[in-house]
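Descriptive structure summary
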Protein chains: 2
Amino acid sequence: MMDQLADRARELDGADQLATWRDEFVITDPDLAYLDGNSLGMTPRRSLDRMREVMESEWAGGLIGSWEHWVDLPARVGDALAPLIGAEPGEVVVHDSVSVNLAQLVHAALAMRPDRRVIAIDPADFPSDRYIVDGIARTLGLEVRRDADPVLDDVAVMVRSHVDYRTAEVTDMAVGTARATAAGALVIWDLSHSAGVLEVDLGAAGAELAVGCTYKFLNGGPGSPGFSYVSTDLVGQVEQPIQGWFGHRDQFAMGPDFEPHADARRLLIGTPSVLALAATAVGVDLTAEAGIDLVAAKARALTAFALECCQDVGLDSPTPTDPFRRGGHVSVRHPDARELTRRLATEHRVVADFRTPDLIRLGCSPLTTRFVDVHRGVAALAGLTN
Amino acid sequence: MMDQLADRARELDGADQLATWRDEFVITDPDLAYLDGNSLGMTPRRSLDRMREVMESEWAGGLIGSWEHWVDLPARVGDALAPLIGAEPGEVVVHDSVSVNLAQLVHAALAMRPDRRVIAIDPADFPSDRYIVDGIARTLGLEVRRDADPVLDDVAVMVRSHVDYRTAEVTDMAVGTARATAAGALVIWDLSHSAGVLEVDLGAAGAELAVGCTYKFLNGGPGSPGFSYVSTDLVGQVEQPIQGWFGHRDQFAMGPDFEPHADARRLLIGTPSVLALAATAVGVDLTAEAGIDLVAAKARALTAFALECCQDVGLDSPTPTDPFRRGGHVSVRHPDARELTRRLATEHRVVADFRTPDLIRLGCSPLTTRFVDVHRGVAALAGLTN
């Protein structure tokens, strides 16, 4: 059967509308099956050119004068990202790390619910999110409710990943938001595993607060900044817990008091890395150009094909079979996951991702992953486990 | 007199032991007098090569595997920076922005003084530092004591810039620390205007907490990350307020609880920008290679010469005349400072820095600033004001 699936992989690649986007990326090893774009996206060719331009023309050539246009980068990249996640202009800023941005929004949400003393989070959610929540609760003497489906009546804010980083299961954002709103709680959505690969629609879901990362499916580069989203309806109530000068509406006035920007720019903190933001902008623009609807459709097709291959060779996967209930990766469960992931890379030129204790993640990044890569990855894994 | 000073500028450049270090930087306009290295240092040539290597070999070539060595960058660059500021290995990490890092240390200091409810800061200190302090006080319901020389008996933590960003006046760190310690208060020193240009000695001063930036005298690039310093004696007591996964001693275990690193790495938060850190490393290494003692001596010589030129042409400066009481810039006070700064750039190819309401800052960055630049800057300013 896997032979027939190999033929089909080639057919699917041949019919793929997005196939030529792979040419926009640096391919140093054509035989590498890179199935880890959900941890670090590949390098856009344009990013090489752009980084050279930033280094030589803007930093070395323009020196301090370049800040005139750099200063707006967090908002400009945010506005470019906004349509990919169903946000409006002024609702998204790209800055700092997901962890810092999450900490800010948790503090801001708590300040909006001063009579509530509980933060809810799924105990299986991404570790950094859990640690951030625990640290804030310790600092402020609050309770953390660790529950995948918590009672919300006394919860100030719930933190929830849109896509589970292990299983790729999607949480329904509209349902989750409505349920929290009915209970008087706020929700912060973490879009780290959905931005740039799913058709996220924050506006339609009624979402008010979100964060996410840009170094995975958005190909922004290693450690590229996270983003913060605040709905226009809510932003006037957001008090920034870390109010740095970039959040000030007139930062170079250097006046006595902090006066926040009217929109999401109030969440900016200190001086952002221009090098990081310049690369992020390229990655975001590439996905926007390709079209998030086509990108999301290819993600569904790639993950469907991955699941089909897994089923064919008898590999166990916790990833949902409903294409609209899963993100851009497929996980395989195996007790030897760590060792298998290592051997995939060293013996088969297949790069996947181990997640403790027993998962091998196969990331399907639509602008760079080929169906033949998926097939080869699963076939290699099957060979190692048989 | 200014003619004789011009001759002397050439003599001083001829005798300057650090003169050849300017060749390590990209010079796109040899006639530009760039006196703004205290806002954004120039571009090291090695940074161009290093950034190309990071983009092409490490990101594009190594992909996710490169995180094996990237993951230690915040600590490695911190250890390279440590000797420049009198810190020990493991006491400094380079990460996030100065504002975020300051917010972390303020929270950590407050947690160490739970019975005190006052944060002290000079009302003339750098705006972002003041705003950060105000935001934390608002969040936690604390008092901010805005006083350049505050009573400290009930103060939990005082935030203080080592070098005043306007006048360049140095605060004696040992005296300030001793005074605070005697009163039971902690001090967080902001070294943004002293790291990489003065012989800072945190250890000898008994300093326990500090932050600073790397994009000024350390030539780390636009918006390069800040740093955090915690003395080895104190670090065990530091509870991280924003406990992201990079602060975890075993981050990929992804366990239920946050277990901090034993050293300053506990202050790391989310995934750091590799591009930003790679450029920062180059800048830090250049200053270390040149030798901070020579760098600091040249800073004193450059600023002494700048003050002499100012005096010669009758320009008013609030910068201390004692060479050990001033940082790496000289300020000129003039009611038309904003317009004069603009005209220096457009009419004379002299880049200085306006600081509201009436200061023109002339930055003397020892690896790149020539004595002739200083002379030409002051002469041009004199011409515009006569």
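Everything numeric in this text was worked out from a predicted model, so none of it was measured. (Residues numbered from 1 in each chain as written. Chains lettered and ligands numbered in written order. Predicted model: local features only at pLDDT ≥ 70, side-chain atom pairs only at ≥ 80, totals over all residues.)

Attention now goes to the overall build of chain A. Helix and strand counts for chain A stand at 13 helices and 12 strands. Against the 2.2 N^0.38 benchmark of 21 Å for 386 residues, chain A shows a C-alpha radius of gyration of 21 Å, consistent with a compact globule. The dimensions of chain A, computed from C-alpha atoms along their principal axes, are 70 × 55 × 35 Å. (Helix = DSSP H or I, 4+ residues; strand = E, 2+ residues; numbered from the N terminus. Rg over C-alpha atoms; globule rule 2.2 N^0.38 Å.)

Residue and element names in this part refer to chain B. Spatially, β9-β12-β11 is the arrangement adopted by the three strands of the open sheet, whose pairing is antiparallel. For this open sheet the edge positions go to β9 (329-333) and β11 (353-355), each flanked by a neighbour on one side alone. Across the sheet, the axes of successive neighbouring strands diverge by a mean angle of 30 degrees, strand direction being ignored. Here β11 pairs with strand β12 (residues 359-363) via three bridges, running antiparallel. (Pairing = 2+ DSSP bridges. Axes fitted to C-alpha atoms, helices over the stretch in contact; angles between N-to-C directions.)

Another aspect to go through is the relation of the copies chain B and chain A. Here chain B sits on chain A after a turn of 180 degrees about the axis and a move of 0.0 Å along it, with an RMSD of 0.0 Å. On this basis, the relationship between the two copies can be described by a two-fold rotation axis. Of the interface residues in chain B, 98% have counterparts in chain A that sit at the interface too, so the contact is made through matching surfaces. (Least-squares fit on C-alpha atoms with pLDDT ≥ 70 in both. Contact = placed C-beta atoms within 7 Å.)

The end-to-end C-alpha separation of helix α2 (residues 45-61) of chain B is 22 Å, in line with the 24 Å expected for 17 residues at 1.5 Å each. Along α2(B), the sharpest change in direction is near 30 degrees and occurs at B:Val54. Contacts made by the buried residues of α2(B) are with α2 (45-62) of chain A together with α10 (274-290) of chain B. Of the residues one or two after α2(B), B:Leu63 is the one with positive phi, at around 50 degrees. (Expected span 1.5 Å × (residues − 1). Bend = angle between axes of the 7 residues up to and from the residue.)

Here we take up the pairing of strand β5 (residues 155-161) of chain B. All names here are of chain B. Among the seven residues of β5, seven are classified as buried, and the element is accordingly described as predominantly covered. Two elements, strand β3 (residues 118-121) and β5, share four bridges in a ladder whose sense is parallel. Across the sheet, Ile 121 pairs through a bridge with Val 159, a residue of β5. Judged from the five bridges that link them, β5 and strand β6 (residues 186-190) form a sheet pairing that is parallel. The residue bridging Ser 161 from the neighbouring strand is Asp 190, located in β6. (Buried ≥ 20, exposed ≤ 12 C-beta atoms within 10 Å, placed from the backbone.)

Residues and elements named next belong to chain A. If you check the domain split of chain A, you get domain 1 (2-45 + 291-385) and domain 2 (71-289). Distance between the C-alpha centres of domain 1 and domain 2: 28 Å. Elements that contribute at least two residues to the side of domain 1 that touches domain 2 include exactly α11 (292-313) and β9 (329-333). Looking at which element gives the most residues to the side of domain 1 that touches domain 2, the answer is α11, with five residues. (Domains from an automatic or database assignment.)

Taken together, the contact pairs 62 residues of chain B with 63 residues of chain A. For the side of chain B that touches chain A, the elements supplying multiple residues, two or more each, are α2, α5 (98-112), α6 (127-140) and α10 of chain B. A per-element tally of the side of chain B that touches chain A places α2(B) first, with eight residues.

Turning to the nonpolar core, a few remarks are in order. With 257 residues, the main nonpolar core has A:Val106, A:Val157, A:Ile188, B:Val106, B:Val157 and B:Ile188 as its most contacted residues. With residues up to four places along the chain from it excluded, the contact list for B:Val157 reads B:Val106, B:Ala109, B:Leu110, B:Arg113, B:Ile119, B:Ala185, B:Leu186 and B:Ile188. (Core = buried A, V, L, I, M, F, W, Y, C linked by C-beta atoms within 7 Å.)

What follows is about the packing of helix α12 (residues 337-348) of chain B against helix α13 (residues 371-385) of chain B. Residues and elements named next belong to chain B. Where α12 meets α13, the closest approach of the two axes is 10 Å, and the angle between their N-to-C directions is 115 degrees. Overall, the two elements α12 and α13 adopt an arrangement that is roughly perpendicular. Note that α12 runs across α13; the crossing there is right-handed. Residue-level inspection shows Leu 340, Arg 343, Leu 344 and His 348 of α12 in contact with α13, the latter providing Ala 380, Leu 381, Leu 384 and Thr 385. (Parallel < 35°, antiparallel > 145°, perpendicular 65-115°, else oblique. Left-handed = near helix turned anticlockwise from the far one by under 90°.)

Our focus in this paragraph is helix α6 (residues 127-140) of chain A. The end-to-end C-alpha distance of α6(A) is 20 Å, a good match for the 20 Å that 14 residues give at a rise of 1.5 Å each. With respect to burial, α6(A) is a largely interior element, 10 of its 14 residues being buried. Listing the buried residues of α6(A) in full gives A:Pro127, A:Ser128, A:Asp129, A:Arg130, A:Tyr131, A:Ile132, A:Val133, A:Gly135, A:Ile136 and A:Thr139. Packing partners of the buried residues in α6(A) comprise α5 (98-112), β3 (118-121), β4 (143-146), β5 (155-161) and β6 (186-190) of chain A together with α5 of chain B.

The next thing to look at is unusual backbone geometry. The omega torsion across A:Thr356 and A:Pro357 is 5 degrees, close enough to zero to call that bond cis. Backbone geometry places B:Asp96, a non-glycine residue, at a positive phi of 50 degrees. Despite not being glycine, B:Ala168 has its phi angle at roughly 75 degrees, a positive value. Checked against the element boundaries, B:Ala168 lands in the loop between β5 and α7 (173-182).

Looking now at the sheet that holds strand β8 (residues 227-230) of chain A. Residue and element names in this part refer to chain A. With mixed pairing, seven strands are arranged side by side in an open sheet as β2-β8-β7-β6-β5-β3-β4. Here the strands that pair on one side only, and so sit at the sheet edges, are β2 (92-94) and β4. Ignoring which end each strand starts from, the neighbouring axes of this sheet average 20 degrees apart. Across the sheet, α6 is in contact with β3, β4, β5 and β6; its angle to β3 comes to roughly 170 degrees. Across the sheet, helix α7 (residues 173-182) touches β5 and β6, and the angle it forms with β6 is around 155 degrees.

With that settled, consider the packing of helix α10 (residues 274-290) of chain A against α10(B). Close contact between α10(A) and α10(B) brings their axes to 7 Å; oriented N to C, the two are set at 145 degrees. Seen from above, α10(A) lies across α10(B) with right-handed handedness. Here A:Leu275, A:Ala276 and A:Ala279 of α10(A) come into contact with α10(B), specifically with B:Leu275, B:Ala276 and B:Ala279. Counted by class, the contact of α10(A) with α10(B) contains six nonpolar, no polar and no charged residues. (Nonpolar A, V, L, I, M, F, W, Y, C, P; charged D, E, K, R; others polar.)

This paragraph deals with the pairing of β4(A). All names here are of chain A. By the bridge criterion, four bridges tie β3 to β4 in an arrangement that is parallel. In the sheet register, Ala 120 faces β4, and the bridge partner there is Arg 145. For the crossover from β3 across α6 to β4, the handedness is right-handed. (Right-handed = clockwise from strand over helix to strand, strands pointing away.)

On the secondary structure map, A:Pro114 appears in the loop between α5 and β3. Between the C-alpha atom of A:Pro114 and that of A:Gly212, which follows or precedes it by 98 residues, the distance is 26 Å.

The residue B:Pro30 is located in the loop between α1 (2-15) and β1 (33-34) in this model. Separated by 98 residues in the primary sequence, B:Pro30 and B:Ser128 place their C-alpha atoms 34 Å from one another.

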